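These are the residues of each chain, in order.
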Amino acid sequence: MATRKKTPAIELKALTKRYGIGDAEHNALDEVDLRIEKGEFVTIMGPSGCGKTTLLNILGLLDRSDDGEYYLDGKSVERLSGSQHARIRSEQIGIVFQSFNLINRLNVVENVALPLTYSGMRKYKRLEAASAILKNFHLSEREYYMPWQLSGGQMQRVAIARALVNNPSIILADEPTGNLDSRSSHVIMEELSELHQRGNTIIMVTHNPNLTSYATRIIKMLDGRIDSDTGNPTLPPPMTEKIPLGKSAPTIRKRRHKSTAAQPVSSRKRSKR
Amino acid sequence: MRRPLVFEHISMAYDSLRATRSRTLLTVLGVTIGVASVTTILALSFGVSRIISHQVESIGGNIAVVRPRLPEHGTSSLSDYVVQQSFSTSTLTEKDYAAIASIPGVEAAAPIMTITGSPKTKLASLKSNVVFATTPSFLQTVNLPLREGQFIDSITNINTAVIGGQLAVDLFGTEVPIGQTFELRGQTFTVIGILQRTNDPVNYNNVDFDRAIILSLESGKLFNNGISQLQQINIRAKDNDSLGRIVQATDTILAKNHSGEQDYIILHGSQVADPTSQLFRSVAGVLTAIAAISLVVGGIGIMNIMLVGVAERTREIGLRKAVGASNTNIVSQFMTESLIISLVGGLAGVAVGYLAALIASTFFAFRPAFTWWIVAIGIGIALIVGLVFGLYPAIRAARKNPIESLRQYH
């Protein structure tokens with residue numbers, strides 16, 4: 001039962017991202033510290049402009065921070081070049097978008113195989129791997145369909161399959177159910193939940209508070225900082241929460257623990273691993 | 001080890017070009033026209049110079065030619081309404097010829113004097129025909145087979161002539177009018193030889209031998225008050241090594257004879273085949289300029305279409321970057337598309353260019369030259385155009401911010 005220090009999937013230290021110039025400058029991300037272990041299902045929420053999308057972009061190596069450090073799987077990514085970032089994106093990161101972003105010119109299996117193109121796999125091997133994944137998603141009958149022949153929910157499932165095809169360390173999802181109706185949303189969230197149970201690390205950004213029940217950890221952001229984090233009890237009380245006058249701090253802390261559905265990961269003692 | 005993505009890019013490029021088929025074809029057309037113009041010009045002009053090179057070679061090479069130098073300063077003859085050098089008098093004389101002929105190493109030398117005359121026979125009367133006065137040694141400097149009879153020589157009468165195959169028919173109605181006579185500039189000449197028909201009026205003597213009258217130099221002098229005024233002196237060296245030395249010696253002799261005035265030029269080797277006509281050069285220059293302009297326009301067409309393609313595929317580019325394409329990958333992908341367009345355009349252009357050259361050559365009397373290096377130049381130019389004009393859109397594509405690109409339709 002010795003608690004070994006595991007390499008976290010993601011570690012952020014004082015991450016800062018600035019936008020604008022002169023007096024219009026503001027911090028999209030303001031000295032964010034974050035640590036996400038492997039196997040977590042994290043939801044990031046917050047009002048518009050809080051920086052959650054910026055955070056996701058930086059996590060997905062689509063953007064660079066201005067200050068601070070980002071360790072992916074224990075390795076720092078700051079000093080890596082653009083093409084090295086691209087390599088990591090192709091091999092270690094899978095992204096699911098709100099608007100699915102499938103290429104209309106390619107059919108389903110070619111779409112799913114896309115990330116493997118940039119890992120240098122031969123064409124038939126790629127299509128084989130893509131086909132295998134699609135089988136797991138029960139989409140085999142639609143392998144040769146074109147994206148415009150699929151429903152919204154099916155397209156998003158294809159996108160999730162694409163995110164998985166290169167066996168990534170982390171899966172990032174930016175409002176994956178934003179363009180879907182409630183039934184398809186449910187299907188997608190079940191899909192993500194199943195992936196999580198198989199051991200994948202998932203980080204999801206969403207507006208919808210109904211979706212938080214699938215996650216193991218909920219992070220709320222405000223104005224570029226992490227406001228509350230069910231996985232991190234050391235944070236100061238969130239700005240969004242009303243602080244009644246006259247009450248003391250410990251009471252507030254207790255209240256925070258009770259308000260979330262799942263227990264935070266870091267406080268759980270694991271017998272295995 | 002990552003496999004090189006070249007084949008991937010080629011198949012991806014092929015797919016995306018096929019998706020916008022008609023647009024692609026129009027762009028290819030632009031390149032085709034540019035390359036076709038270049039190919040036509042090169043094929044035709046090289047066709048001409050190759051004929052002359054062949055003629056020089058068929059005599060065994062080692063030919064040098066002395067001609068009067070064209071005036072260089074003054075208004076360019078492109079703007080001259082009347083070309084100046086057609087009136088310049090040549091100062092080459094028999095004395096020069098005699099001196100050259102006695103240079104050691106010279107196998108044969110021949111003076112050439114051309115005048116205009118109107119030959120008359122009972123059957124026909126031709127105006128302004130070429131009359132070519134030279135010495136018997138002329139045959140040693142050019143490959144001019146006789147069909148019947150003999151060439152002029154030192155023994156025959158001064159009033160004898162050798163005529164071209166076509167002229168024979170025109171004047172006498174028969175292909176072999178040996179022994180018949182015609183009148184020229186008040187003198188009567190007997191035909192003692194007929195030249196075999198050549199199909200190339202292009203030669204380094206600038207004379208259409210099918211229609212020429214060849215007289216002895218003495219006859220020519222008679223028509224010019226006894227003065228021989230030579231348009232050209234042909235020199236044949238014994239071998240290639242002595243050619244250089246002979247050219248030097250010729251230069252010295254002529255400089256001395258002409259009191260230091262270098263009003264002559266000595267051409268040897270491949271220079272003999274260069275076009276001397278200012279008109280030819282002007283036409284070639286204009287056509288080359290047109291070809292260059294059309295290539296630039298074709299390139300701009302490529303750039304334009306690629307920019308449109310990049311704008312249309314912003315989303316796709318953003319997505320590819322999100323799943324792991326590096327900037328280099330994106331640039332390579334779009335450059336591959338551009339190069340495919342230009343390669344196809346280049347191949348089509350070379351084909352169309354040769355077709356055009358063949359059609360054009362029916363109006364001229366020579367055939368266009370089919371060489372590998374003309375094809376290579378055509379395709380090479382097309383590829384360079386594709387490279388240069390495809391680079392900017394490709395870099396534009398790669399520089400796009402994936403976040404911005406993917407946000408477009410939110």
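Chains are numbered independently. Their residues run from 1 in the order of the written sequence. The lettering of chains begins at A and the numbering of ligands begins at 1, in the order of writing. Restriction of local features to residues with pLDDT of at least 70 applies here, the model being predicted, together with a cutoff of 80 or more for giving and counting side-chain atom pairs; totals for whole chains, interfaces and linings are based on all residues. As a rule here, side-chain values cover all heavy atoms of the structure and leave hydrogens and water aside.

**A look at the overall build of chain A**
Secondary structure elements are defined from DSSP: runs of H or I of at least 4 residues count as helices, runs of E of at least 2 residues count as strands, and each element is numbered from the N terminus. Helix and strand counts for chain A come out as eight helices and ten strands. Buried means the residue's accessible area, taken with a 1.4 Å probe over protein chains only, is under 20% of the maximum for its type, while exposed means over 50%, and partly exposed covers the values in between. Counting over 273 residues, chain A shows a buried share of 52%. It only takes one pair of heavy atoms within 4.5 Å for two residues to be counted as in contact. For chain A, the share of sequence-separated contacts (at least 6 apart) that also reach a separation of at least 24 residues comes to 69%. Surface exposure here means Shrake-Rupley accessible area, sampled with a 1.4 Å probe, where a residue is shielded only by the protein chains that are shown. Accessible area of chain A: about 13,900 Å², with a carbon and sulfur share of 50%.

**Thoughts on the overall build of chain B**
Tallying secondary structure elements over chain B gives eleven helices and ten strands in all. The C-alpha atoms of chain B give a radius of gyration of 30 Å, which is well past the 22 Å a tight globule of 410 residues would have. Along the three orthogonal principal directions, the C-alpha set of chain B runs to about 100 × 50 × 45 Å. Across the 410 residues that make up chain B, the buried fraction comes to 47%. Intrachain contacts of chain B at a sequence separation of at least 6 include 79% that bridge at least 24 residues. About 19,900 Å² of surface is accessible on chain B, with carbon and sulfur atoms providing 60% of the total. Charge assignment: positive for Lys and Arg, negative for Asp and Glu; neither His nor the chain ends contribute. Where a charge sits is defined by one atom per residue type, namely NZ (Lys), CZ (Arg), CG (Asp) or CD (Glu). Placing the 31 positive and 27 negative side-chain charges of chain B at their respective mean positions leaves the two points 12 Å apart. To get the radius of gyration, use the C-alpha atoms; to get the globule rule, take the number of residues to the power 0.38 and multiply by 2.2 Å.

**Section: the nonpolar core**
Buried residues of nine kinds, namely Ala, Val, Leu, Ile, Met, Phe, Trp, Tyr and Cys, make up a nonpolar core once their side-chain atoms join them within 4.5 Å. One finds Ile10(A), Leu12(A), Leu55(A), Tyr70(A) and Ile203(A) to be the most contacted residues of the largest nonpolar core, which totals 77 residues. Among the elements that make up this core, the one with the highest residue count is helix H2 (residues 21-58) of chain B (nine residues). Among residues more than four places away in sequence, those in contact with Leu55(A) are Leu12(A), Leu15(A), Leu29(A), Leu34(A), Ile44(A) and Met221(A). Among the nonpolar cores identified, the runner-up in size contains 35 residues, and Val96(A), Met155(A), Val158(A) and Ile188(A) belong to it.

**Examining the packing of helix H8 (residues 314-322) of chain B against helix H9 (residues 327-361) of chain B**
Residue and element names in this part refer to chain B. Fitted lines through C-alpha atoms serve as axes, helices being fitted only where they are in contact, and the angles separating the N-to-C directions of these axes extend from 0 to 180 degrees. Their axes nearest at 10 Å, the elements H8 and H9 cross at an angle of 140°. It follows from the interaxial angle that H8 and H9 lie oblique. Judged by the sense of rotation from one axis to the other, the crossing of H8 with H9 is right-handed. Residue-level inspection shows Glu316, Ile317, Arg320 and Lys321 of H8 in contact with H9, the latter providing Asn327, Ile330, Gln333 and Phe334. Three categories are distinguished: nonpolar for Ala, Val, Leu, Ile, Met, Phe, Trp, Tyr, Cys and Pro, charged for Asp, Glu, Lys and Arg, and polar for the others, with Gly belonging to the last. A per-class count over the contact of H8 with H9 returns three nonpolar, two polar and three charged. Each angle receives one of four descriptions, namely roughly parallel if under 35 degrees, roughly antiparallel if over 145, roughly perpendicular if within 65 to 115, and oblique otherwise. In a left-handed crossing the near helix is turned counterclockwise from the far helix by less than a right angle, and in a right-handed crossing that turn is clockwise.

**A look at the packing of aromatic side chains**
All names here are of chain B. Pairing of aromatic side chains requires ring centres within 6.5 Å, counting the rings of Phe and Tyr and the six-membered ring of Trp. Pairs whose planes differ by under 30 degrees are stacked, by over 60 edge-to-face, and all others tilted. In this structure the tally under the stated criterion is nine aromatic pairs over all chains. Taken together, a centroid distance of 6.1 Å and an interplanar angle of 45° make the contact between Phe138 and Phe209 tilted. With a gap of 71 residues between them, Phe138 in the loop between strand S3 (129-134) and strand S4 (146-149) and Phe209 in the loop between strand S7 (187-195) and strand S8 (213-216) connect regions that are remote in the sequence. We note that Phe138, like Phe209, is buried.

**Some details on the sheet that holds strand S8 (residues 201-205) of chain A**
Residues and elements named next belong to chain A. Should DSSP find at least two bridges between two strands, the strands are regarded as paired. Pairing in this open sheet of six strands is mixed, and the strands run S6-S7-S8-S3-S9-S10 from one edge to the other. Every interior strand has two partners, whereas the edge strands, strand S6 (93-96) and strand S10 (225-229), have only one. The average undirected angle you get between the axes of adjacent strands in this sheet is 20°. Here helix H2 (residues 82-92) sits on the sheet and contacts S6 and strand S7 (170-174); the angle it forms with S6, its principal contact strand, is near 75°.

**Some thoughts on the packing of H9(B) against helix H10 (residues 372-399) of chain B**
Helix-helix packing is described using two parameters, namely the angle between the two axes and the distance between the axes. All names here are of chain B. At a closest axis distance of 7 Å, the pairing of H9 and H10 adopts a crossing angle of 150°. With respect to H10, the element H9 is oriented roughly antiparallel. For H9 against H10, the interelement crossing comes out right-handed. Per-class residue counts for the contact of H9 with H10 are 20 nonpolar, seven polar and no charged.

**Things to note about the domain arrangement of chain B**
Each domain span listed reflects an automatic or database assignment of domains. The domain boundaries assigned to chain B delineate domain 1 (5-53 + 278-406) and domain 2 (70-262). Each of domain 1 of chain B and domain 2 of chain B has a C-alpha centre, and the two are 48 Å apart.

**What to know about the interface of chain A and chain B**
Accessible area lost upon the coming together of the parts is a frequently used measure of interface size. Facing 27 residues of chain A, the contacting portion of chain B comprises 27 residues. What counts as buried area is the accessible surface, traced by a 1.4 Å probe, that two parts surrender upon association, with contributions from both included. The contact between chain A and chain B buries some 2,400 Å² in all, and 56% of this surface belongs to carbon and sulfur atoms. Salt bridges are counted wherever a side-chain nitrogen of Lys or Arg sits within 4 Å of a carboxyl oxygen of Asp or Glu. The residue Glu316(B) makes a salt bridge to Arg105(A) at a minimum N-O spacing of 3.2 Å. Sorting the residues of the side of chain A that touches chain B by element identifies H2, helix H4 (114-117) and helix H5 (123-136) of chain A as the ones contributing at least two each. Each residue belonging to the side of chain A that touches chain B can be placed in one class, and the counts come to nine nonpolar, nine polar and nine charged.

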